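Summary of structural features
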Amino acid sequence: MQTKEKIAAAVKSAVEAAMNDGALKFSDTLPDVALEVPPKKEFGDFATNFAMQTAKIFRTSPKKIAEEIKARISSDIIERIEIAGAGFMNFYLRGDVIYRELKKIFDAGKNFGHLPNKGNVTIQVEYVSANPTGLLHVGHGRGAAAGSAIVNIMRAAGYNVESEYYINDAGNQMDKLTKSVNARYLELLGEKIDFPEDGYQGVDIIDTTKRIIARHGDKFITLPEDERLKILGELAYVDKMLELKDDLENFGVEFDVWFSERTLHPDKINAAIEILKSNGGIYEKDGALWLASSQFGDDKDRVVVRENGEPTYLAADIAYHKNKFDRGFGELINLWGADHHGYVARVKAAMKMLGYNPEKLKIIFLQMVSLFRGGEAVKMSKRAGTAIPLRELMAEVGTDAARYFFLMRSTDSQLDFDLDLAKSQSADNPVYYVQYAHARICSIFRQTSEAGLTIDDEPKFSLMNSTAEVDLINKIFEYPDEIAKAAEEYAPQRIARYVYDLASTFSAFYRDCRILGVEKDLAIARLALLKVTRHTIEHALNLLGVSAPERM
RNA sequence: GCGGUUGUAGCUCAGCAGGAUAGAGCAACUGCCUCCUAAGCAGUAGGUCGCGCGUUCGAAUCGCGCCAAUCGCACCA
């Protein structure tokens, strides 16, 4: 049991004792005993506002409640309790508690940071899901970083997670890709063409076409238009998918499942539509089929099948989400660009009408990314003629900096990405700062190892009682809680922030506490603490998908 | 007009299941390398938490209204 839980349990039984004695009376349900690490050290190691929260329930002053609890509490880890402020209970732990706790973490080794399994349900996280019609841009990069970090964090927190990429490989966008590549193909082979008005203008389309020509030459030029379109479309699709997977791999992003939209056409889409038709969720009007989404919170009804018989994107999305629910996930998490928020109501309405619980579908929005260089916004890529491709960003600032910067901010804040800062190799740059702390620890290990200093199984942790040492120990204790919260809130920025704070706490330790040149038992205890610290930094950086270099 | 998100130090942002004197980094100023990486550390200064009203013993945090920024409101995705 964690220290926190032990204290909470002790408080709870004290409350029960007080009620049995008649000192406290109530007729309502009591809240949980929430323990927090107080903002100031003089407020103890842990604190709870339980007495203040229950003042109304017990119809007594918070101070009296706190006194009654304090009088009845019994715990072998609490040294003393002080009642402060408006009724806070501040707990001061017995001196040896943190060393026993540290020993547990030390013994856990690489398992520290991996929380107990949360049961058998699997949670699906779907993210990126960009159309295979162009290069991933920095907005997708933010989604890729956030999605992969959330998956990593949730797994560390003990959830079973499956990641998925939905490939929009059907419909208009693919037609546009096909027409664009066809035009470039003819153009590159010397034909005079009119580039399609709604085609993709980016150079990446020309690059794709060049690769196709390099492989297959001009042999499609003589084919009838429809046959050529069919072949070029497929070749372009394959090329675009390779390009996309390549970028993601270089960005440290992997998926368990690649789900093709084509597999939904037409049977699964029709099946979903039939169900909705039969239960009144879909009706016909003006030659089109409409989803009656306004009955379930949407602004208006939406077209599912166009007048011309083509299903809309929404039709595929309904079938897709139905399929997800049918696969039995305990929870579905989608990461969407903020510009898609208008879709939530209609998709949830459809799920409700299909008999699923829309509450199980959680949608996380990623706000926009703006790049800045020299204080100026950078909007377009000079080479690509489009939004800045992720690969250009990676080439400029590196994967580690790109990922860390994407993850520093909460997903629902717009992100100003300072390219100059991300590139700078200085303490101003948070990712370097954290990595530097890790490299420094590794350096210490190299030198202590040369000096013949080795850690044994029973380091004398209690020798470490200075502020810098105790601060670092306590900071490490916070890690499992941070993982749990980051997972619950889908908030990778918590980990980014935590590891930065940890690096900062370590830096103070580094200043005050030498290893080489101090008495051997103390040196070994400190070294053991650094082992735990190094592991924690590395573990947290891994969750973020950022490397932990041993030298810098 | 309707809806989402955001508004906290000069700048970029944490904090938001209500709680103790609102935090961090950058920028500014001041110190610190005979010492395991100065890619570092310590300190000073900097705030009507957009505005107003309300709920509460207590509001940056919850509710309502307003203002501003941004995204969206297709038989596009």
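Keep in mind it's a predicted model, so treat the numbers as computed, not measured.

**Thoughts on the overall build of chain A**
A tally of helices and strands in chain A yields 20 helices and 15 strands. Based on the C-alpha atoms only, the size of chain A along its principal axes is roughly 90 × 65 × 40 Å. The 552 residues of chain A split such that 49% are buried. Within chain A, counting contacts between residues at least 6 apart in sequence, those at least 24 apart form 72% of the total. Carbon and sulfur atoms make up 48% of the accessible area of chain A, which totals about 26,200 Å². Taking the 70 positively charged and 81 negatively charged side chains of chain A as two groups, their mean positions are separated by 3 Å.

**Structural notes on the environment of L332**
Looking at the element boundaries, L332 is found in strand β11 (residues 331–337). Here the alpha-carbon distance between L332 and F296, two residues 36 residues apart in the chain, equals 19 Å. Ignoring sequence-local partners within four residues, the contact set of L332 consists of Q124, K324, F325, K360, L361 and K362.

**Digging into the side chain of T208**
Positionally, T208 belongs in helix α8 (residues 203–216). On the basis of relative accessibility, which here comes to 0%, the residue T208 falls in the buried class. In this structure the side chain of T208 is engaged in a polar contact, spanning 3.0 Å, whose partner is the side chain of K240. If we skip the residues at most four places from it in the chain, T208 touches A236, D239, K240 and E243.

**Some remarks on the sheet that holds strand β2 (residues 46–48)**
Taken in spatial order, the four strands make up an open sheet running β1-β2-β4-β3, and their pairing is antiparallel. The open sheet terminates on both sides in strands that have one partner only, identified here as β1 (35–36) and β3 (78–84). Inspection of the sheet shows β3 paired to strand β4 (residues 88–93) by six bridges, in the antiparallel sense. If you follow E82 over to β4, its bridge partner there is N90.

**Looking at the packing of helix α1 (residues 3–20) against helix α4 (residues 62–72)**
Interaxial distance between α1 and α4 falls to 8 Å at its minimum, and their mutual angle equals 105 degrees. By the angle class used here, α1 and α4 are roughly perpendicular. In this structure, α1 uses V11, A14, V15, A17 and A18 to contact α4, whose residues at the interface are E68, I69 and R72. Across the contact of α1 with α4, the residue classes break down as six nonpolar, no polar and two charged.

**Focus on the pattern of salt bridges**
Scanning the entire structure with this criterion turns up 36 salt bridges. The partner of D521 in a salt bridge is K460, with the nearest N and O atoms 3.7 Å apart. Taken together, the residues D521 in helix α20 (residues 520–544) and K460 in the loop between α16 (430–450) and α17 (467–477) connect sequence positions 61 residues apart. In this structure, R494 engages E489 in a salt bridge whose closest nitrogen and oxygen atoms are separated by 3.2 Å. We classify R494 as partly exposed; its relative accessible area is 24%. Salt bridges linked by common partners bring D204, R211, D239, K240 and E243 together as one network.

**Quick look at the domain arrangement of chain A**
Domain assignment breaks chain A into domain 1 (3–94), domain 2 (122–167 + 256–366) and domain 3 (430–544). On a C-alpha basis, the centroid separation for the pair domain 2 and domain 3 is 42 Å. At the interface, 13 residues of domain 2 touch 11 residues of domain 3. Approximately 910 Å² of surface area, both sides summed, lies buried where domain 2 meets domain 3, with 79% of it carried by carbon and sulfur atoms. Run the count over domain 2 and domain 3 and you get zero salt bridges. Our count for the contact surface shared by domain 2 and domain 3 stands at two residue pairs in polar contact (both at pLDDT 80 or more). Elements that contribute at least two residues to the side of domain 2 that touches domain 3 include exactly α6 (138–156), β11 and β12 (361–366). Sort the elements by how many residues they give to the side of domain 2 that touches domain 3 and α6 lands first, with seven residues. In terms of residue class, the side of domain 2 that touches domain 3 is built from 10 nonpolar, one polar and two charged.

**Looking at the packing of helix α5 (residues 97–108) against α20**
Between α5 and α20, the shortest axis-to-axis distance is 10 Å and the interhelical angle comes to 60 degrees. With respect to their mutual orientation, α5 and α20 come out oblique. In this structure, the crossing between α5 and α20 has a hand that is left-handed. Residues L102, I105 and F106 of α5 form the contact with α20, whose own contacting residues are A528, L529, K531 and V532.

**Structural notes on the nonpolar core**
Grouped together as the largest cluster of nonpolar side chains are 115 residues, with contacts concentrated most on L393, F406 and F417. The element best represented in this core is α20, accounting for 14 residues. Those residues in contact with F406, other than ones at most four positions away along the chain, are V138, G141, R142, A145, F251, V369, L390, L393, L415 and F417.

**Considering the sheet that holds strand β9 (residues 288–291)**
Strand order in the open sheet made by the three strands is β8-β9-β10, with antiparallel pairing throughout. Edge positions in the sheet fall to β8 (282–285) and β10 (302–305), since each has one partner strand and no second. The sheet shows a mean angle of 45 degrees between the axes of neighbouring strands, taken without regard to direction.

**Focus on unusual backbone geometry**
Here the residue pair H265 and P266 is connected by a cis peptide bond, since its omega of -15 degrees sits within 30 degrees of zero. By the element assignment, P266 lies in the loop between β7 (257–260) and α10 (267–278). Even without glycine at this site, S129 takes up a positive phi of about 45 degrees. Inspection of the secondary structure puts S129 in the loop between β5 (122–126) and α6. The backbone of Y490 sits at a positive phi, close to 50 degrees, despite the residue not being glycine. Inspection of the secondary structure assignment puts Y490 in the loop between α18 (479–488) and α19 (492–512). Using a relative accessible area of 15% as the deciding quantity, one classes Y490 as buried.

Reading guide: rules and limits
Residue positions are counted from 1 within each chain, in the order its sequence is given. Chains carry letters from A onward and ligands carry numbers from 1 onward, assigned in written order. In keeping with the predicted nature of the model, local features appear solely for residues at pLDDT of at least 70, side-chain atom pairs appear and are counted solely at 80 or more, and the whole-chain, interface and lining totals rest on all residues. Calculated side-chain values reflect all of the structure's heavy atoms, with hydrogen atoms and water omitted. Put simply, DSSP marks the helices as runs of H or I at least four residues long and the strands as runs of E at least two long, and each gets a number from the N terminus on. Burial classes follow relative accessibility: with a 1.4 Å probe on protein chains only, a residue under 20% of its type's maximum area counts as buried, one over 50% as exposed, and anything between as partly exposed. Contact between two residues is taken to exist if any of their heavy atoms lie within 4.5 Å; hydrogens are not considered. The Shrake-Rupley method, run with a 1.4 Å probe, gives the accessible areas here. Residue values count only the displayed protein chains as cover. Under the counting rule used here, the positive set is Lys and Arg, the negative set is Asp and Glu, and His together with the chain ends is not counted. Lysine's charge is taken at NZ, arginine's at CZ, aspartate's at CG and glutamate's at CD. Polar contact is defined as a pair of N or O atoms within 3.5 Å, subject to the rule that within protein one atom must be able to donate a hydrogen and the other to accept it, and that residues adjacent in sequence are counted only when both atoms are side-chain atoms. A pair of strands is labelled paired if DSSP reports no fewer than 2 bridges between them. Axis definition: a line fit to C-alpha positions, over the contact stretch in the case of helices; interaxial angles, taken between N-to-C directions, run 0 to 180 degrees. Angles are sorted into four bins: roughly parallel if under 35 degrees, roughly antiparallel if over 145, roughly perpendicular if 65 to 115, and oblique for all others. Only Asp, Glu, Lys and Arg are considered charged, only Ala, Val, Leu, Ile, Met, Phe, Trp, Tyr, Cys and Pro nonpolar, and every remaining residue, Gly among them, polar. For this document, the term salt bridge refers to a Lys or Arg side-chain nitrogen within 4 Å of an Asp or Glu carboxyl oxygen. Here the limits of each domain have been adopted from an automatic or database domain assignment. Each of two parts loses accessible area, computed with a 1.4 Å probe, when they are put together; buried area is these two losses added. When the near helix sits turned anticlockwise from the far one by under a right angle, the crossing is termed left-handed; a clockwise turn instead gives a right-handed crossing. We define a nonpolar core as any set of buried Ala, Val, Leu, Ile, Met, Phe, Trp, Tyr and Cys residues linked to one another through side-chain atoms lying within 4.5 Å.

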